[in-house]
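# Fold and geometry: a report
In case you want the letters, here they are:
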Amino acid sequence: SFPFTFFFFLILFFMLFYGLAVRIPLFPFHGWLPDFLRFGNVAIAPIYLLGLKLGVYGLLRFVFPLLPDAVWRWHYVAVGFATVGVFYAALLALKQQNLRSLLGFAVVSHTSILTIGLFSLDPLALQGSVLLAVNFGLAISGLLLMTGLVWQRTHTTSLTRLGGMFDYIPLVGIAFLIASLAIVGMPGTPGFNAVHFVLEGAIKTFGAPVTIAAAIGNLIAAGFLLRAFQRVFLAKPSGNTQHWNTQPSQLTEKILAGTVIFVIVVVGFYDVPWLTLIAEPVGGVGDLFNELRTMAGIENHD
């Protein structure tokens, strides 16, 4: 009965992994997301993206504890997909001429880094991945909200037609910049510790190549997000701006932008409660895979 039992759990792992990979989303199951962000309702996109973290929760809460042997046998494959996804999505983001599409590929690229942390199966990397999911939910939601405010004034998210928005809505521009820096893990944002935890866990499990790939992907993300900020808020507009709303910043715009800045900065400078909350649950999962490492005769460097 052993082969049948092993085969059953293996099929169960792949079915759960496929469903949750679509939800995260992980390359190559990500195709729906850029189209959804570009053509869907920008008002509900941030709420929907917060729901994407259910994929991370599903892996940690159900797949890892219930199917540890299958996860251990196939975690290199999952990380392989994620490593390709980091570069694939980042390079496509660099080519986008629509801000909403660019943010869609940014989601895919950075959830790939998050997935590398998860499947490192290291306690510190697991903790970093959960914190990165929190940071990413806050940051990408902030970016999409600010994009919605830009669209409300210009009725376009085309990077070739936008520019100079900092003159009209400077606080929105600052919020967009801070959210962009949070995604790439700048100091003072929740992503700073999270990215370092993920990279530290990855280098312990996979060595330098995967870790360097994740770090380079993060660097490319800084390039396309800062490019987007420059094109939207600082560059000179290249199209007709007569139909734009050029009134001074409204109260609702200031409140939304100020809230995004406040939440990201506060969580970034005071992330100890989050780390304390995360440490115990993911520690048990990490210890489970440390036992598997010991059984496999792999040296544990913790």
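So, how was this worked out
Residues numbered from 1 in each chain as written. Predicted model: local features only at pLDDT ≥ 70, side-chain atom pairs only at ≥ 80, totals over all residues. Heavy atoms only, no water. Helix = DSSP H or I, 4+ residues; strand = E, 2+ residues; numbered from the N terminus. Buried < 20%, exposed > 50% of the residue type's maximum accessible area, 1.4 Å probe, protein only. Contact = heavy atoms within 4.5 Å. Areas by Shrake-Rupley, 256 points an atom, 1.4 Å probe, with all protein chains shown as cover. Axes fitted to C-alpha atoms, helices over the stretch in contact; angles between N-to-C directions. Left-handed = near helix turned anticlockwise from the far one by under 90°. Nonpolar A, V, L, I, M, F, W, Y, C, P; charged D, E, K, R; others polar. Salt bridge = Lys/Arg side-chain N within 4 Å of Asp/Glu carboxyl O.

## Quick look at the overall build of the protein
- Scanning the protein from terminus to terminus reveals 12 helices and zero strands.
- Mapped from its N terminus to its C terminus, the protein presents α and β elements in the order α-α-α-α-α-α-α-α-α-α-α-α.
- A buried classification covers 53% of the 302 residues belonging to the protein.
- Restricting to contacts in the protein with at least 6 residues of sequence separation, those with at least 24 account for 84%.
- Split by element, the accessible area of the protein, about 13500 Å² in all, is 69% carbon and sulfur.

## Some points on the packing of helix H7 (residues 123-154) against helix H9 (residues 191-206)
- Contact geometry of H7 with H9 gives a least axis separation of 7 Å together with a crossing angle of 145°. Crossing of H7 against H9: the hand is left-handed. Facing H7, whose interface residues are Leu124, Ala125, Gly128, Ser129, Leu131, Leu132 and Asn135, H9 presents Gly191, Asn193, Ala194, Val195, Phe197, Val198, Glu200 and Gly201.
- Taken together, the residues of the contact of H7 with H9 break down into eight nonpolar, six polar and one charged.

## Brief notes about the environment of alanine 93
- If you trace the backbone, alanine 93 turns up in helix H5 (residues 68-95).
- The contacts of alanine 93, once residues within four sequence positions are left out, are Leu102, Phe105 and Phe224.

## Re the environment of glycine 137
- Positionally, glycine 137 belongs in helix H7.
- Taking the relative accessible area as the measure of exposure, glycine 137 reaches 4% and is therefore buried.
- Spatially, the C-alpha atoms of glycine 137 and valine 107 are 9.7 Å apart, while their sequence positions differ by 30 residues.

## Quick word on the side chain of asparagine 98
- Mapped onto the secondary structure, asparagine 98 falls in the loop between H5 and helix H6 (99-118).
- In this structure, asparagine 98 is in contact with Arg38, Thr157, Ser158 and Leu159, ignoring residues within four places of it in sequence.

## Description of the pattern of salt bridges
- Inspection of the entire model under this criterion finds two salt bridges.
- A salt bridge links lysine 204 to aspartate 122, with the shortest nitrogen-to-oxygen separation between them at 3.1 Å. Of this pair, lysine 204 sits in helix H9 while aspartate 122 sits in the loop between H6 and H7, placing them 82 residues apart in sequence.
- Exposure remark for lysine 204: the relative accessible area of 31% places this residue in the partly exposed category.
- Of the charged contacts in the structure, one is a salt bridge between glutamate 253 and arginine 153, with a shortest N-O distance of 2.8 Å. Residue glutamate 253 is located in helix H11 (residues 251-269), and its partner arginine 153 is located in helix H7; the two are separated by 100 residues in the primary sequence. Arginine 153 carries the same exposure label as glutamate 253, and that label is buried.

Everything listed is a geometric property; what it means functionally is a separate question.
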